[in-house]
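Each chain, letter by letter, is given below.
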Amino acid sequence: SGMATGVGMSVASRAVDAVMGPRQTEVVHRHEGGAASAPAAAPPKCQTQQEQLTHCMQSSSDASQCQFYLDALKACQQQA
């Protein structure tokens with residue numbers, strides 16, 4: 001069952017990528033030698049919706065159960 005779950009997650013991940021586009025990772029380097037620390041940056045827009053969708057896809061064997069989170073992510077991105 002572990003292999004089937006892995007295959008299911010792979011298929012679901014590709015389906016999300018097909019709809020939303022490939023995921024991108026951005027690395028931000030910060031100077032850490034300063035005495036005063038800068039305030040924490042606000043999370044990127046729609047990050048919460050993306051994390052909820054990812055969590056659902058990882059915890060569910062049926063990708064259709066995550067449709068609500070996909071719709072919420074799409075709506076958030078359209079507002080951006």
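Cut-offs and rules
Residues numbered from 1 in each chain as written. Predicted model: local features only at pLDDT ≥ 70, side-chain atom pairs only at ≥ 80, totals over all residues. Heavy atoms only, no water. Helix = DSSP H or I, 4+ residues; strand = E, 2+ residues; numbered from the N terminus. Buried < 20%, exposed > 50% of the residue type's maximum accessible area, 1.4 Å probe, protein only. Contact = heavy atoms within 4.5 Å. Areas by Shrake-Rupley, 256 points an atom, 1.4 Å probe, with all protein chains shown as cover. Core = buried A, V, L, I, M, F, W, Y, C linked by side-chain atoms within 4.5 Å. Expected span 1.5 Å × (residues − 1). Arc of directions from axis to C-beta.

**Student:** Would you mind going over the overall build of the protein chain with me for this structure?
**Tutor:** The number of helices and strands found in the protein chain is three helices and zero strands. Moving toward the C terminus, one meets the helices and strands of the protein chain in the order α-α-α. Here the protein chain holds 80 residues, and the buried ones make up 14% of them. Relative to all contacts within the protein chain whose residues are 6 or more apart in sequence, the contacts with residues 24 or more apart total 57%. Summed over its atoms, the accessible surface of the protein chain is roughly 6500 Å², and 53% of this surface lies on carbon and sulfur atoms.

**Student:** Is there a simple way to explain the nonpolar core in this structure?
**Tutor:** The nonpolar side chains of a soluble globular protein tend to be buried, and buried together. Within the largest apolar cluster, nine residues are counted, these being Val 16, Cys 46, Leu 53, Cys 56, Met 57, Cys 66, Leu 70, Leu 73 and Cys 76. Contributions of two or more residues to this core are made by α2 (47-59) and α3 (67-79).

**Student:** Would you explain α3 in this entry?
**Tutor:** Each α-helix winds once per 3.6 residues, and so residues spaced three or four apart point in a common direction. Taking 1.5 Å of rise per residue, the 13 residues of α3 would be expected to cover 18 Å, and the 19 Å separating its terminal C-alpha atoms lies within 8% of that figure. Every buried residue of α3 is accounted for by Leu 70, Leu 73 and Cys 76. An end-on view of α3 places all buried positions within 125° of arc, on one side of the element. Turned more than 90 degrees off the buried face of α3, the exposed positions are Phe 68, Gln 78 and Gln 79.

**Student:** It is not clear to me how unusual backbone geometry should be interpreted in this structure. Could you clarify?
**Tutor:** Comment: phi is negative for the bulk of residues other than glycine, and the bulk of peptide bonds are trans. Unlike most non-glycine residues, Cys 46 shows phi in positive territory, near 75°. Note that Cys 46 resides in the loop between α1 (2-20) and α2. Residue classification places Cys 46 among the buried positions, given a relative accessible area of 9%.

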